[in-house]
Amino acid sequence: MASKSRRRPIFSSLTTTSLVFALCAHVVLASSPLVNFQAMGKVGIAGAFAGLDLVTNSSSVSFDPSTASLLVRSSQDGSLSKVASTNAGGSILAGCAVGDAFYFAGSFSSVGDTSANNIASYTTSSGVLSALGSNGPNGAIQALYCDTLRKQLWAGGQFSSPGASVAVWDIASSAWSAAPFGGLTGAAAEVLSITANSSQSSLFFSGSFITSFGNDSAPLNDTNNPNVPFSSGATPFSSSLVPIAISAEDISGAPSSSDSQFSNVQNILCPAGADGPGNTWLAADGNKAVITVRKFAFLTARGIRLGNTFLGGRSTTGFSVATIPDNAVRQLHYFDPTSNQNKTCTDSCPLLTDPTVPYQDFLFDSDLDITGFQLTLSEWQGAGPGLHLLQLLSSGAFASAIDSQNGQSCFAPGPSHTQRTGDWSEKDADTSIPGTTQAVLVSTVNVGTSAADGPSFSWMPYVSASGEYEIDLLVPGCTNFQDCPLRTSVKVTVFPGGGQPPWVSTVSQQNTEDKTTVIYRGPIVPTSPSFQTTISLALADSPEGNGQNGKYEIVADRVQLTLTSANLTSNANSSSGTTTSTASERGFGFLEWPLGATTPTSSAASILPTSAVTSLDSIGFDLLNALGGAASVVSNTTSPAIASVAHHPSGAVFLGGQFSLSSGPASGASNIVVFKNGALATLPSNGLNGPVESLVVSGDNVYVGGSFSDTVQASNKALKGIAVYSISGNSWSALEGGVDGAVTSLDISNNQVLVAGNFTKLLTSSGSSESQNAAGFAAWDISSSAWVNSGGFLIGSMSFVGNGTSSTQQFVAGDVASSLRFGASGFVMVENGNNGEPKVTPLGVQFDSPTSANNPTTAIKTRRSHHRRSNAGWIPGLSVLNMFKRQATPITNLVPLPSAAPAPAPAVLAGAFWTNSSGTDLVVLGGNFSYTAPGGTQAQNLALYDDSSRTVTPLRGNQPNGTIRTLLVQGNSLYVGGEFTVAGLEGSGFAVYDLANQGWDPAGLQPLSASSNTDVTVRSITLSPANGNVIIAAGSFDQAGSTPCRAICALDTTTKQWSALGNGIKGDVAAVVNAGGDTLIAAGSILLADSTPANVATYSISNSSWSAVGSGADLPGPVTAAEVNAGNVNSIFAAGRSSDGKSPFLYFWDGQSWGSIGDSLQGASDVAQLVMVPLQNTHDGNSIIQSDRVLMVSGTLSDKSFGNASAALFDGQNFTPFVVSTSESGTPGTLAGLFHSFQTINFNQRKFLATGVVILISIAIAAGIVFLLALVEILWTLFARRDDKVVNFDAGDLDVDDDSTHRPSSLLEHINAATRSTILGASPFGPGAEKEAGYASVGTGAGAAVAAAANDDPFSGPDASNYLRAETPSDALGGVMGPEEQSRPAYARYSFQGEGEGELPVRAGQELEILDDRDDAWWYARDSRTGQEGVVPASYVY
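These figures come from a predicted structure and were not determined experimentally.

A. Representation of the overall build of the chain. Across its full length, the chain carries 7 helices and 91 strands. Looking at the chain as a whole, 56% of its 1438 residues qualify as buried. The long-range fraction of contacts in the chain, counting pairs at least 24 apart against all pairs at least 6 apart in sequence, stands at 62%. Total accessible area on the chain is roughly 54,700 Å²; 49% of this is exposed by carbon and sulfur atoms.

Listed below in structure tokens is the structure:
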């Protein structure tokens, strides 16, 4: 029956055109400007965007949604990068990784420039795409599994070659082959999922296919157990008995040979090699010997296995066995291969001396309960007796509840083991053998607890071979435990294998004496050499008894498997077994295959041998029966399928897909079901009402993705597309409101659930209109139970997400319309990264559209972590076109400010940096957005963001209602501008917030006001360059309080009084820039007081006068952004739009005239900010911009040379695209601009010589000085002898202008002082010099000089307080700064006024960067916040 793929996504909700950011070919990384973000301090980029990337290469970033694209997701920040796309109409549906290679598959004929049919590999280290051979699957591939241990790739899908629906790629040999079981056919003949079980030891295949077991020509068991070396002295029955593990301390033998190579009897328990030294025990020559095995614990044994030695003509010829503790000599049964007869013996029993018979098995009359045995070697040939092998055989197989008692048997691949859920503790119980005890496990459970919620225990005994078995459960009596009132009944389930259904029985544990209960009789069919059957115990569905103190107790002791027949129909002691199985089973949609299993004699495409059946293959059998049989499956118009399987460590297997079960224990279940306790079971409300595509397990939870909207029996309408099932709680939960489409793939990474599918929004709750855009890909944080930023930006219909290679965390694939590397709602942090390239850190939280109501944060109801976005405008209730709306009062010849580019919310439009009282640097963000802070507090438009922890904190008090456009932090005061109101504050557009006390500061501040029918808009708040207590507010308003000050006004922050700037101006101001210490530049749509047009005007603070920059007619229209190059009023940049609004412009003022420099900007461009940024490299300098800097132009840009961008770098001649961004809908985003923590930017590219070079230069200088000093000394001696007198030094003779007595007031003097110190070996400042600020003088004249010399230690003064400062590089021959290190962090110990030229004022505790510490007394430093540089006393710094 043909069937279409269920995994192909439908790109129904996305546009059919791709978002392309076309970049011109000449933009090359090697020549691109490298912005020096470090020189600006901390740097943020804000705007109205949902995705962002920095342009660092020449390749275009384009997507065609008719193809399938493979994206790599960074393990560091979740950023996305494109790998390649398929041919049109292609799909990528699965992927997995081995080493450095990621394999992906689907339905395609090419990927990138590589021809590949349906499957390819991507090498992450080299970036190379490769096809996988030429004879791979000839149809669509739906599933991949990478077996990293065996270096194999398993592929499943709907194809016929090289195998039916399943194929294997061997990585080492680079060859395709069919699966070991041939393939899978029937139904739709399609494999949709290949996953491993919880222990990674076998594979689960699921889909739509039919399996058949019971090949009549395949025997269940041949003449001997294949796990045991063949011996003609054993029978199929005896070779099927699992030996009991005997430890070294349990065995002794005497007398032993004097030869040390043969004296250790422990060597014969499980010899590692052939008969010989280290593998054989010999008795003392001429003596009979006794070997004693004593376990001191309960054993159920059936016989012993003896292997003779043939060394030097020695062999044992006769023996006897006495059991312990009864010391009875036992009759033994054995098969004599010489006569081909079954025989018995007692004392003595013969042991063959034929080397072709490596061992013989001797069985008791029946199973015996013993604690050990004594083997007497009474007869021999040669010098004495000996043995090569000794084993105690069990009754068949066994497993104890105590893992330490489950030792690994000889010839077994592993020991029996157990699994448990709940709390279990150990107790000791008496056995039927006096003097022995047996440890058991017990667990208590509350009365009324269901079986599913109670504790459970599973034994998994190793079973050596197929046969008829009886399984007994041993239950110790309650009398010895004195716990009879606690006892109840348990449900025991046996999984025998061989396609047989599980056996379920209820066993009472209220027995007063020890008892053994038969829980299974029938065949057990191992399917692999390491097969283990499973016996599970849990609380009964209807427990017996009333319990004690509200508690039941259940007991887990041992299970004993007794082999009754090695062949399903033959005699137990038969010497051969040729009887074959007549069992036959068929299954649907599920097959378990052990990894590394050998090839069966038949194909799953026809009939598999019964020996291939595993215990979990019962899932397929039960599914087929529950679906109504094979005929019903084939005739069903909507072919059922199992699309995904998840195995929980508890043993539960979850199956999801498209099906409806009509019979059996899970009757009524739809689309998802669980297999546990040996049977299918329904989940709450009968499952889900739509197909399930993907399942992943995380701890106690199973996450489910698909096309559903609720449970079958409606219970939760928020289960849309994705849901989570709690195993312990047996309940469904929603992920907020789910998604608005289908989920096709899930993955777990970094405690997040990654969700891919064909959806566009994340819903807040059931029925809510609130949502967050997330087209095709999203991330759910498990810890916080909230949707979080997935890292990258994506718009698409995604079909796959999965873990990748060790170097790359995930791959995402699907039909992509648009993708950018970083996803962030309006804000990112940027710093210098590797090789000078920008390193971007996206906003760690999700901003949403703001609410229309304004509420205090203390009175808002709490919700989950994130609000959902809607398609609200940038300014709720306001037209976006009014962003730069001018005042209503008409002004002659004044052209209004242009309308802003559309910028849908959420948008971050302003930012500032603030250091709180604990020294943490925070970012203040403002704009038009809302968010939910930790704890569920809702806030909007203002936020404190900690970029180190990537968390956001709301500002307490009433939230601004409107839009924030500009921010300024001065001390602990935050000045807020925009077009907004705050409940409780008078006026609008401007407010002050006290960051330290977390509250609005209304005291004495007169509000700004505008003309009637207009709103106040503040677009710029800056600090006066002449007075640190004055701020300048500018925008659109008429007066402040009663003070007329149109468009721009000064606020004295100490008196809270407004004042006009000179005669004032008319119009609207868009930007204000400081130009040196005495000048402001205002730009916008401006007339001077005398009505002179001046869209760019200067204000002289010293003489309170305004003047136009150039002629008003020189600029084509109003200005929206302006910048002054490093305070130079003769280097001004202005951008805006022409008076008719049709075209943008960018002009440059050179001190004489305005000239256009932005002719390549096209009509759609809108410039929001101009800012000069420093470079790490250089460009060709010119008359417009120096070589060490560029002009960053931000907004919405369209240029002839590079296409679309959100920011570009202009070097005075050419534009280089720098930032591209996009909105949630895929349209180009807008950059509001860049802001930084340093108040001033140092454009100088300071370079330091390597320490080694400095040392060499110093040595050369020192050598010259030493020579000069020697010459001076000689001359001085000659003159002294001539004058016959000694001239004493008098400090009073020092010249008053001698700079050796002064601290350096410039870097030059700092260097001179350091040189003087090197030459003279003394203080560089001379005797009595001032070492630190405030150092007390010690008198004047000669006396002062003497006193000063006595106090020459620079750390003995009152300011130094004898503190030991950090060792300087001068002290340590190069210091702590490495040869390439340009700075290191430090802190000020004391405050220093720094009033001298070249000195840097600091305050105690302030963070600094030390740029040069090679002098003992003065260090060259930079203020980490302002960027200001200068010298500070070394003793003031630590």
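So much for the structure itself; the text now carries on.
B. View of a nonpolar patch on the surface. A contiguous nonpolar patch, built from Leu1268, Leu1271, Val1272, Ile1274, Leu1275, Leu1278 and Phe1279 and spanning about 640 Å² of accessible area, is present on the exposed surface. Relative to the elements of secondary structure, Val1272 occurs in helix α5 (residues 1251-1283).

C. Main features of the side chain of Asp336. As for its placement among the helices and strands, Asp336 is situated in strand β23 (residues 332-336). Of the polar contacts made by the side chain of Asp336, one reaches the side chain of Thr338; its length is 2.5 Å. Setting aside anything within four residues of it in sequence, one finds Asp336 in contact with Gln341, Lys343 and Leu352.

D. Molecular detail of the sheet that holds strand β6 (residues 101-107). On the basis of which strands lie adjacent, the open sheet formed by 4 strands has the order β5-β6-β9-β10 and antiparallel pairing. Strand pairing shows two members of the sheet lacking a second neighbour, β5 (91-98) and β10 (128-131), which therefore form its edges. Averaged over neighbouring strand pairs, the angle between their axes works out to 25° when direction is ignored. Sheet analysis places β5 next to β6, joined by 7 bridges and oriented antiparallel. Counted as the bridge partner of Ala94 is Ala105 from β6.

E. The pairing of strand β45 (residues 692-698), seen in detail. For β45, the tally of buried residues reaches 6 of 7 residues, placing the bulk of the element in the interior. The sheet contact formed by β45 and strand β46 (residues 701-706) spans 6 bridges and is antiparallel. Paired with Ser698 across the bridge in β46 is Asn701. The loop that links β45 with its antiparallel partner β46 comprises 2 residues; one of these, Gly699, has a positive phi angle of about 60°.

F. Broad picture of the nonpolar core. Ranked by internal contacts, the top residues of the largest apolar core, which has 72 residues, are Ile291, Phe319, Leu375 and Trp459. Of all the elements, strand β26 (residues 360-381) adds the most residues to this core, at 8 residues.

G. Representation of the state of the cysteines. Applying the stated criterion across every chain, the model contains 5 disulfides. The residue that forms a disulfide with Cys478 is Cys484, at a sulfur-sulfur distance of 1.9 Å. The disulfide joining Cys478 to Cys484 has a torsion of about 90° about its S-S bond and is therefore right-handed. Classification of Cys478 by relative accessible area gives buried; the value is 0%. Since its relative accessible area comes to 28%, Cys484 is described here as partly exposed. Here the chain pairs its bonded cysteines, counted in sequence order, in the arrangement 1-2, 3-6, 4-5, 7-8, 9-10.

H. Representation of helix α3 (residues 618-626) within the structure. Along α3, 7 of the 9 residues are buried, which leaves the element largely enclosed by surrounding structure. Turning to α3, its buried residues are Ser618, Ile619, Gly620, Phe621, Leu623, Leu624 and Ala626. Backbone geometry just downstream of α3 places Gly628 in the positive-phi region, at approximately 100°.

I. Representation of the packing of aromatic side chains. Within the structure shown, the criterion is met by 36 aromatic pairs. Between Phe181 and Phe205, the aromatic rings sit 5.3 Å apart at their centres with planes inclined by 80°, giving edge-to-face as the arrangement. On the criterion of sequence distance, the pair formed by Phe181 in the loop between β14 (175-178) and β15 (185-196) and Phe205 in strand β16 (residues 202-213) is long-range, its members being 24 residues apart. Across this residue pair, the class does not change: Phe181 and Phe205 are buried. Ring geometry for Tyr1099 and Trp1106: centres 4.9 Å apart, planes at 45°, overall tilted.

J. Just the pattern of salt bridges, in detail. Evaluated as defined, the whole model comprises 24 salt bridges. The shortest N-O distance in the salt bridge between Glu470 and Arg521 comes to 2.9 Å. In this pair, Glu470 sits in strand β33 (residues 467-475) while Arg521 sits in strand β36 (residues 515-524), placing the two residues 51 residues apart along the sequence. Between Lys1056 and Asp1001 there is a salt bridge; the shortest N-O distance is 3.3 Å. Here Lys1056 is found in the loop between β73 (1048-1052) and β74 (1057-1059), whereas its partner Asp1001 is found in the loop between β67 (999-1000) and β68 (1008-1009), with 55 residues between them in sequence. Each of Lys427, Asp483, Arg487 and Glu553 takes part in one network of salt bridges that share partners.

K. Local environment of the sheet that holds strand β53 (residues 777-781). Taken in spatial order, the 4 strands of this open sheet run β49-β50-β53-β54, and their pairing is antiparallel. Here the strands that pair on one side only, and so sit at the sheet edges, are β49 (742-749) and β54 (786-788). Ignoring strand direction, the axes of neighbouring strands in this sheet form an average angle of 35°. Looking at chain direction, β49 and strand β50 (residues 752-758) are connected through 7 bridges and run antiparallel.

L. Molecular detail of the environment of Ser69. Secondary-structure assignment places Ser69 in strand β3 (residues 69-73). Classification of Ser69 by relative accessible area gives buried; the value is 0%. Between the C-alpha atoms of Ser69 and Ile92, which are 23 residues apart in sequence, the distance is 7.6 Å. In terms of polar contacts, Ser69 uses its side chain to reach the side chain of Ser85, at 2.6 Å.

M. Spatial organisation of the side chain of Gln959. Mapped onto the elements of the fold, Gln959 is located in the loop between β63 (951-953) and β64 (961-970). In terms of polar contacts, Gln959 uses its side chain to reach the backbone carbonyl oxygen of Leu955, at 2.9 Å. A polar side-chain atom of Gln959 sits 3.1 Å from the main-chain carbonyl oxygen of Gly957.

N. Representation of the confidence of the model for the chain. On average, the chain scores 82 in pLDDT, and the residues at 70 or more come to 81%. Mean pLDDT across the secondary structure elements of the chain bottoms out at helix α7 (residues 1341-1350), with 36, and peaks at β46, with 97. Residue range residues 853-890 is modelled with pLDDT below 50. Its contacts to residues more than four positions away, or to other chains, number 135 contacts. In the model, residues 1313-1380 has pLDDT below 50 throughout and makes 124 contacts with residues more than four positions away in sequence or in other chains.

O. Representation of the environment of Phe298 in the model. Looking at where Phe298 falls in the secondary structure, it is placed in strand β20 (residues 289-308). Exposure remark for Phe298: the relative accessible area of 14% places this residue in the buried category. Distance from Phe298 to Gln438, taken between C-alpha atoms, is 6.7 Å for residues 140 residues apart in sequence.

P. Broad picture of the environment of Val128. Within the secondary structure, Val128 sits in strand β10. It is 9.6 Å that separates the C-alpha atoms of Val128 and Val83, two residues lying 45 residues apart in sequence.

Q. Focus on the pairing of strand β43 (residues 670-676). Counting buried positions over the 7 residues of β43 gives 6, a clear majority of the element. As paired strands, strand β42 (residues 653-660) and β43 are joined by 5 bridges and run antiparallel to one another. Counterpart to Gly656 in the pairing with β43 is Ile672. The pairing of β43 with strand β44 (residues 679-681) spans 3 bridges and is antiparallel. Across the sheet, residue Val674 finds its bridge partner in β44, namely Ala681. Where β43 folds back onto β44 in an antiparallel hairpin, the turn is made up of 2 residues, including Asn677, whose phi is positive at roughly 55°.

Calculation criteria
Residues numbered from 1 in each chain as written. Predicted model: local features only at pLDDT ≥ 70, side-chain atom pairs only at ≥ 80, totals over all residues. Heavy atoms only, no water. Helix = DSSP H or I, 4+ residues; strand = E, 2+ residues; numbered from the N terminus. Buried < 20%, exposed > 50% of the residue type's maximum accessible area, 1.4 Å probe, protein only. Contact = heavy atoms within 4.5 Å. Areas by Shrake-Rupley, 256 points an atom, 1.4 Å probe, with all protein chains shown as cover. Patch = residues over 30% accessible without salt bridge, like charges linked within 9 Å, V, L, I, M, F, W, Y side chains within 5 Å. Salt bridge = Lys/Arg side-chain N within 4 Å of Asp/Glu carboxyl O. Polar contact = N/O pair within 3.5 Å; in protein donor to acceptor, adjacent residues only side chain to side chain. Pairing = 2+ DSSP bridges. Axes fitted to C-alpha atoms, helices over the stretch in contact; angles between N-to-C directions. Core = buried A, V, L, I, M, F, W, Y, C linked by side-chain atoms within 4.5 Å. Disulfide = S-S within 2.5 Å. Phe/Tyr/Trp six-rings, centres within 6.5 Å; stacked < 30°, edge-to-face > 60°. pLDDT = per-residue confidence, 0-100.

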